[in-house]
Amino acid sequence: MNIIMMGAQGTGKGTVAGLLSEKTGWPQISTGDIFRKNVEEKTELGIEANKYMASGNLVPDEITVPMVANRLNEEDAKDGFILDGFPRTIAQAEKLDEILKEKNKKIDMVINLTTPREETIERILTRRVCSNQECKATYNLVMHPPKVEGICDKCGAELVQRKDDSSRESINKRLEIYDTQTAPLVEYYEKKGVLRTEEVSTKVNRLGNNVADDVLRDIKGE
Ligand code: ADP
Ligand code: ZN
């Protein structure tokens, strides 16, 4: 199955994508993670992408779209994939449709996570990520802290705060881009009949793992 995870920063999109990937074997393809790995390794793509990422702006499509197209060509994505962080604009969604059409594929499900804004900002500020690029586990100091402070449960590496999560300016910029450029995708996919909206909030006692469980149950019941 080909799935897109949607949702503003801090809604738990990466968490849900990771859980679904673990249980289905379909790869989680996170454009943010691929960019960060390239930044860390100082590849040409990483150096270019970092110019935009540091300030919370979108990396241009000339860089992002071919990178996703190449990733979708890999063997592990042939039976299904979970896109996390792409598409983020209508233009990217249209390009994705073209890429998939060439392969006789389509998007089967778009999971749209919605969370009250004050809750997402709090979650971004308390988010910590594993510094080991092969692990990339995500924690939350309040909701899901590591067993030992500052250390990843899974691999023992140091936990860090993403650069773009520590600046209020960058957070606001990313949320603004989400509202103006990414949110219109909800209607785009609704029209295609593949949208599934899920509320994620401590207020309704529903978090990413609950959403992942429900989606998995439905996928298996197909
Ligand atoms: P967040 O959702 O918290 O902004 P991501 O890890 O998804 O974090 O992305 C980090 C950064 O990588 C973004 O701010 C942007 O600069 C870049 N990026 C990720 N995905 C895309 C995309 N589809 N198009 C353009 N830039 C992207
Ligand atoms: Zn780790």
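As the structure is a prediction and not an experimental result, all values here were calculated from the model.

Thresholds, definitions, all that
Residues numbered from 1 in each chain as written. Chains lettered and ligands numbered in written order. Predicted model: local features only at pLDDT ≥ 70, side-chain atom pairs only at ≥ 80, totals over all residues. Heavy atoms only, no water. Helix = DSSP H or I, 4+ residues; strand = E, 2+ residues; numbered from the N terminus. Buried < 20%, exposed > 50% of the residue type's maximum accessible area, 1.4 Å probe, protein only. Lys, Arg positive; Asp, Glu negative; His and termini not counted. Salt bridge = Lys/Arg side-chain N within 4 Å of Asp/Glu carboxyl O. Polar contact = N/O pair within 3.5 Å; in protein donor to acceptor, adjacent residues only side chain to side chain. Contact = heavy atoms within 4.5 Å. Near = heavy atom within 4 Å. Areas by Shrake-Rupley, 256 points an atom, 1.4 Å probe, with all protein chains shown as cover. Donors = N, O, S within 2.8 Å, 3.2 Å for Na, K, Ca; no water. Tetrahedral: all angles 85-135°; square planar, octahedral: opposite > 155°, others 65-115°. Patch = residues over 30% accessible without salt bridge, like charges linked within 9 Å, V, L, I, M, F, W, Y side chains within 5 Å. Axes fitted to C-alpha atoms, helices over the stretch in contact; angles between N-to-C directions. Left-handed = near helix turned anticlockwise from the far one by under 90°. Nonpolar A, V, L, I, M, F, W, Y, C, P; charged D, E, K, R; others polar. Expected span 1.5 Å × (residues − 1). Parallel < 35°, antiparallel > 145°, perpendicular 65-115°, else oblique.

### Considerations on the side chain of Arg128
Working step 1: By the element assignment, Arg128 lies in strand β5 (residues 127-130).
Working step 2: For Arg128, which is buried and forms no salt bridge, the nearest opposite charge comes from Asp165, at a distance of 6.9 Å.
Working step 3: There is a polar contact of 3.3 Å between the side chain of Arg128 and the backbone oxygen of Leu125.
Working step 4: What Arg128 contacts, discounting residues up to four positions off in sequence, is Ala137, Thr138, Tyr139, Leu141, Leu159, Val160 and Gln161.

### Considering the site of ligand 1
Working step 1: Lining the immediate environment of ligand 1, one finds 18 residues, of which Thr31, Arg36, Asn57, Gly85 and Arg174 sit closest.
Working step 2: Between an oxygen atom of ligand 1 and a side-chain N or O atom of Arg36, the distance comes to 2.9 Å.
Working step 3: In the model, an oxygen atom of ligand 1 is placed 2.6 Å from a nitrogen or oxygen of the Arg174 side chain.
Working step 4: Calculation on ligand 1 without its partners gives an accessible area of 550 Å², and the protein chains cover 97% of this total.

### Overview of the coordination of the zinc ion (ligand 2)
Working step 1: Looking at the metal site, the zinc ion (ligand 2) is ligated by Cys130 (SG), Cys135 (SG), Cys152 (SG) and Cys155 (SG), spaced 2.3 to 2.4 Å from it.
Working step 2: For the zinc ion (ligand 2), the four donor atoms in the first shell make angles of 97 to 113° at the metal, a pattern classed as tetrahedral.
Working step 3: All donors of the zinc ion (ligand 2) belong to a single chain; written as a sequence motif, their spacing is C-x4-C-x16-C-x2-C. Remark: Cys155 occurs in the loop between β6 (138-140) and β7 (159-160) and Cys130 occurs in strand β5; sequence separation between them is 25 residues.
Working step 4: Take Cys130: its relative accessible area is 5%, and that puts it in the buried class.
Working step 5: For Cys155, a relative accessible area of 34% translates into the label partly exposed.

### Here's the deal with a nonpolar patch on the surface
Working step 1: Residues Leu141, Val142 and Met143 make up a contiguous nonpolar surface patch of about 280 Å² in total accessible area.
Working step 2: Among the structural elements, Met143 can be located in the loop between β6 and β7.
Working step 3: On the basis of relative accessible area, Met143 is assigned to the partly exposed category, the value being 39%.

### Quick look at the packing of helix α4 (residues 61-72) against helix α5 (residues 90-102)
Working step 1: The N-to-C vectors of α4 and α5 enclose an angle of 30°; their axes lie 11 Å apart at closest approach. Both α4 and α5 take part in a crossing whose hand is right-handed. Of the residues in α5, those in contact with Asp61, Thr64, Val65, Ala69 and Leu72 of α4 are Ala91, Gln92, Lys95, Leu96, Ile99 and Leu100.
Working step 2: In the contact of α4 with α5, the residues fall into seven nonpolar, two polar and two charged.

### What to know about helix α9 (residues 208-220)
Working step 1: In a regular helix each residue adds 1.5 Å, so 13 residues correspond to 18 Å; α9 covers 18 Å between its end C-alpha atoms and thus fits that length.
Working step 2: Among the residues of α9, Gly208, Val211, Ala212, Asp214, Val215, Leu216 and Ile219 are the ones counted as buried.

### Description of the packing of helix α1 (residues 13-24) against α9
Working step 1: Relative orientation of the contacting elements α1 and α9 amounts to 40°, with a least axis distance of 9 Å. Taken together, α1 and α9 sit at an angle that is classed as oblique. In this structure, the crossing between α1 and α9 has a hand that is right-handed. Only Gly208, Asn209, Val211, Ala212, Val215 and Leu216 of α9 make contact with α1, whose side of the interface consists of Val16, Leu19, Leu20, Lys23 and Thr24.
Working step 2: Taken together, the residues of the contact of α1 with α9 break down into seven nonpolar, three polar and one charged.

Read these as geometric descriptors, not functional statements.
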